[in-house]
Amino acid sequence: MKAILKDKLNLLYEEISKKCELYLPTKEKGALNFKKFDGENEVDIESLQTVKSAKDFFFPQTEDMVNFKTEGKNIEIIDAREKIETYVIFGVRACDYKSFEILDRVFLVEPVDTMYKNRRENAVIFTLACNNPHASCFCKNFGIDASSPKGDVECYDVDGYLFFNPLTEKGAQIVNGLTCLEEVKGEDKVDALKKDITKKIEKLPFSNLDLSKFKGENLMELFNRPEWEELSEACLGCGTCTFVCPTCQCFDIRDFKTNSGIKRFRCWDSCMYSDFTQMAAENPRKTQMQRYRQRFMHKLCYYPSNNDGIYSCVGCGRCVKKCPQSLNIVKVIKKIGGEKND
Amino acid sequence: MQRLENAVLSKAKELLESGKVSRVLGWTKGEFCYDVSPCVFNTVDELKNFVYNGFCGANLSKYLINESKKEGKIAVFLKPCDTYSYNQLVKEHRIKVENVYAVGVECQGKFDIEKFYAKGVGFVASVEEGLTEVKVNGETVLNRNDVKLERCLVCNKKHVAGEEIVELNEKLPSDSDRFEMVKKLEAMTADERFAFWKKELSKCIRCNACRNVCPACNCTKCVFDNPNSEVSAKANATSFEEQMFHIIRAFHVAGRCTDCGECSRVCPQNIPLHLLNRKFISDIDKLYGEYQAGEDTTSKGPLTSFTKEDAEPSDAVGGNK
Ligand code: SF4
Ligand code: SF4
Ligand code: SF4
Ligand code: SF4
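Keep in mind that what you see is a predicted model, and the values were worked out from it rather than measured.

Rules used in this analysis
Residues numbered from 1 in each chain as written. Chains lettered and ligands numbered in written order. Predicted model: local features only at pLDDT ≥ 70, side-chain atom pairs only at ≥ 80, totals over all residues. Heavy atoms only, no water. Helix = DSSP H or I, 4+ residues; strand = E, 2+ residues; numbered from the N terminus. Rg over C-alpha atoms; globule rule 2.2 N^0.38 Å. Buried < 20%, exposed > 50% of the residue type's maximum accessible area, 1.4 Å probe, protein only. Contact = heavy atoms within 4.5 Å. Areas by Shrake-Rupley, 256 points an atom, 1.4 Å probe, with all protein chains shown as cover. Lys, Arg positive; Asp, Glu negative; His and termini not counted. Charge placed at Lys NZ, Arg CZ, Asp CG, Glu CD. Near = heavy atom within 4 Å. Nonpolar A, V, L, I, M, F, W, Y, C, P; charged D, E, K, R; others polar. Pairing = 2+ DSSP bridges. Expected span 1.5 Å × (residues − 1). Arc of directions from axis to C-beta. Patch = residues over 30% accessible without salt bridge, like charges linked within 9 Å, V, L, I, M, F, W, Y side chains within 5 Å. Salt bridge = Lys/Arg side-chain N within 4 Å of Asp/Glu carboxyl O. Domains from an automatic or database assignment. Buried area = accessible area lost by both parts, 1.4 Å probe. Polar contact = N/O pair within 3.5 Å; in protein donor to acceptor, adjacent residues only side chain to side chain.

A. Seen up close, the overall build of chain B. Helix and strand counts for chain B stand at 11 helices and eight strands. Computed over its C-alpha atoms, the radius of gyration of chain B comes to 20 Å, within 12% of the 20 Å expected for a compact globule of 321 residues. Seen along its three principal axes, the alpha-carbon backbone of chain B occupies a region of about 60 × 45 × 40 Å. Looking at the 321 residues of chain B, the share that counts as buried comes to 55%. Long-range contacts, defined as pairs at least 24 residues apart, comprise 70% of the intrachain contacts of chain B with a sequence gap of at least 6. For chain B, the exposed area adds up to about 14,700 Å²; of that, 52% sits on carbon and sulfur atoms. Charged side chains in chain B number 45 positive and 47 negative. The centres of these two groups are separated by 2 Å.

B. Local environment of the site of ligand 3. Every residue near ligand 3 is listed here: Leu48, Gln49, Ala94, Cys95, Cys130, Pro133, Cys137, Cys139, Ala146, Ile201, Gly315 and Cys316 of chain A. Broken down by class, the residue content of the shell around ligand 3 amounts to 10 nonpolar, two polar and no charged.

C. How the structure looks around the pairing of strand β7 (residues 140-143) of chain B. Residues and elements named next belong to chain B. As defined by bridge partners, strand β6 (residues 133-136) adjoins β7 across four bridges and the pair is classed as antiparallel. Each bridged residue has a counterpart across the sheet, and for Glu133 the counterpart in β7 is Asn143. Counted along the chain from β6 to the antiparallel partner β7, the turn is three residues long, and its residue Asn137 has a positive phi close to 50°.

D. Molecular detail of helix α1 (residues 2-17) of chain B. All names here are of chain B. Over its 16 residues, α1 extends 22 Å from the first C-alpha to the last, a length consistent with the 22 Å expected when each residue adds 1.5 Å. When α1 is considered as a whole, its buried residues turn out to be Leu4, Glu5, Val8, Leu9, Lys11, Ala12, Leu15 and Leu16. The arc enclosing the buried residues of α1, seen along the axis, measures out at 155°, which places them on a common side. The outward face of α1, more than 90 degrees from its buried face, is lined by the exposed residues Gln2, Arg3 and Glu17. Where α1 is buried, its residues touch β1 (23-28), β2 (37-41), β3 (74-78), β4 (100-105) and β8 (164-166).

E. A nonpolar patch on the surface, seen in detail. Residues and elements named next belong to chain B. On the surface, Leu287, Tyr288 and Leu303 cluster together into a nonpolar patch covering about 230 Å² of accessible area. Residue position: Leu303 is located in the segment after α11 (274-288). Assessed through its relative accessible area of 43%, Leu303 is described here as partly exposed.

F. Examining the pairing of strand β5 (residues 74-79) of chain A more closely. Residue and element names in this part refer to chain A. Burial analysis of β5 places just zero of its six residues in the buried class, a small minority of the element. Two elements, strand β4 (residues 62-71) and β5, share six bridges in a ladder whose sense is antiparallel. Within β5, the residue paired with Lys69 across the bridge is Glu76.

G. Highlighting the domain arrangement of chain A. All names here are of chain A. Annotation of chain A at the domain level lists domain 1 (2-202) and domain 2 (216-337). Centre-to-centre, using C-alpha coordinates, domain 1 lies 25 Å away from domain 2. If you look at the interface, domain 1 gives 39 residues, while domain 2 gives 38 residues. Of the roughly 3,300 Å² buried between domain 1 and domain 2, counting both surfaces, carbon and sulfur atoms make up 58%.

H. Main features of the site of ligand 2. Residues and elements named next belong to chain A. Near ligand 2, the surroundings consist of 13 residues, among which Cys245, Cys313, Cys316, Gly317 and Cys319 are the closest. Secondary structure elements with two or more residues in the shell around ligand 2: α9 (288-306) and α10 (318-322). In the shell around ligand 2, the residues fall into eight nonpolar, two polar and three charged.

I. Spotlight on the interface of chain A and chain B. Between chain A and chain B, the residue contacts involve 40 residues of the former and 40 residues of the latter. Between chain A and chain B lies a buried interface of about 3,500 Å² when both sides are counted; carbon and sulfur atoms form 52% of it. It is Lys29, Glu233 and Gln325 of chain A in chain A that bury the most area against chain B; as a group they hold 17% of the surface buried on that side. The tally of links from chain A across to chain B stands at two salt bridges. Measuring nitrogen to oxygen at the nearest pair gives 3.8 Å for the salt bridge that ties Lys331 of chain A to Asp35 of chain B. Inspection of the chain A/chain B interface yields 19 residue pairs in polar contact (both at pLDDT 80 or more). Counting only elements with at least two residues in the side of chain A that touches chain B, the list comes to β3 (31-36), α8 (240-244), β11 (251-258), β12 (261-268) and α11 (329-336) of chain A.

So this is what it looks like as structure tokens:
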């Protein structure tokens, strides 16, 4: 297998970044997030998760869509979409990789979102198996295998080496072109690591949730469950859970007046917000309970009903870790998801 | 600390059973010891999920804005720092006091779960709490100070509100200076300071957790949420926008922020927001004499009252140029 000694990883980053832009988990001021490699990054591929998920690459928090320039009665329309060239995202976990499939089903169906598509198609994704899954991880429930994270190239951190397993042509092309890699016999070690990860995942407290109730046919029953009141009681409506979530996909489109015209941009929105979806006049979901219910019903019931039963949660556990008041999707699943949740 | 939890729980039971209150605002068990949530308990039976431990950092006072407007009396448990927020909210006429029965609860400093992880404990299944030490998962002994929230490390607050206090041990004092980092920032050059805040605030994802949790942020409709204000907060388009948000917020809570530390506790990006507020607090102390917001419910605040002796804008306590 192609591999590199872990203490030589900087050589790898440098070589990739000479070919194209490289983004990787970087520690800055005590928070881990994907950052562009500039030679100075405090790269951290040991910590499990970035605060913001990898969805930002394809669906950034804000982006310009189009500009309008007005001169007298003339309006010039200027395409504001960025030109994107091939770039590498390094260190994506299995859950985040799976979230791309969920987003694809929203952004790549007709009418295709060209801004998303542009970024998505030009990305080469190096995933990383999860040596130390966290107690808040519950990816297993969604058919995700943290020991085989998929993507263009799978990476395995074992025995002082990082091993590479290219899965797609574009992945192989990059890996084969890297002169800093060496050929190391690692299949056995990688296999042992995978088994170890699978064992760890099996033992996680949330690995075997009962989601059986979450079906389209139970929609009304679930919607009307009285438990939503207590589940949402402490919710601040802050939206942290939606902004760190790799599958939350709501956005708002607005116009900015600039000195010479108008800038149309889109930005993330959150169903947890009181000014979300100002339909005609106002948000039809008037209470925080209704907004809270929307977030989880969308993930566990509405989305799967429209998408062959695929849930729009990948069990990354970010909302579990980051909700200021510790309200989260696991508590929802345990309360109303099925009989086998104790 | 199990004894303390039992004492608080008995108090909750007693208040409900005697009919003194019809509801109790406290904390409810999560899946683990560390993921507790604020909760209103309506019956003694519901209290089976009641919890009071080192992870009850959440300040309950802000929930009273809505809860105190409902019918019947509600009991609320307040840690020392929470009592200041409570008083401040009462002062601002945001809480209907006649519907509240406030009970102070002992606090020896609350935990930051991330600090357990940083100490190498991957999963916190249980914590036996002592006054100065904690035993994690029945084996690892850690210094309590090493796993406390930042705000708790510098806390010397005493209960300033409450009809009664449930306390088994006196609170251990802190000898740390809460303005230490503010002083460091003041000693920086303007460029260094700007670089510091730029790095910190560029992490902000504008999730609004800091604002929504803040007891001083109690406007019915925040200007940043008002589509007619033309702020377009969600655009969050430039780093300048993030700075604007934080500067406006810091100004708006100046003189009213009690330094309860909730903003820094909840920030998903670990931005030390308390430093902005503490800079204001230390400036107010210098310009108007020592002042602690929330110490009482009636006095006039330094920035909300006018006297001829008030500091001029030019007196501002600037840092280095
Ligand atoms: S569930 Fe938690 S993170 Fe989400 S909006 Fe409510 S308080 Fe914020
Ligand atoms: S709902 Fe929570 S656990 Fe599920 S994908 Fe979103 S952040 Fe992750
Ligand atoms: S949820 Fe699964 S894939 Fe994601 S970080 Fe945790 S173990 Fe890895
Ligand atoms: S909680 Fe943190 S990330 Fe969220 S808006 Fe406040 S400063 Fe920004």
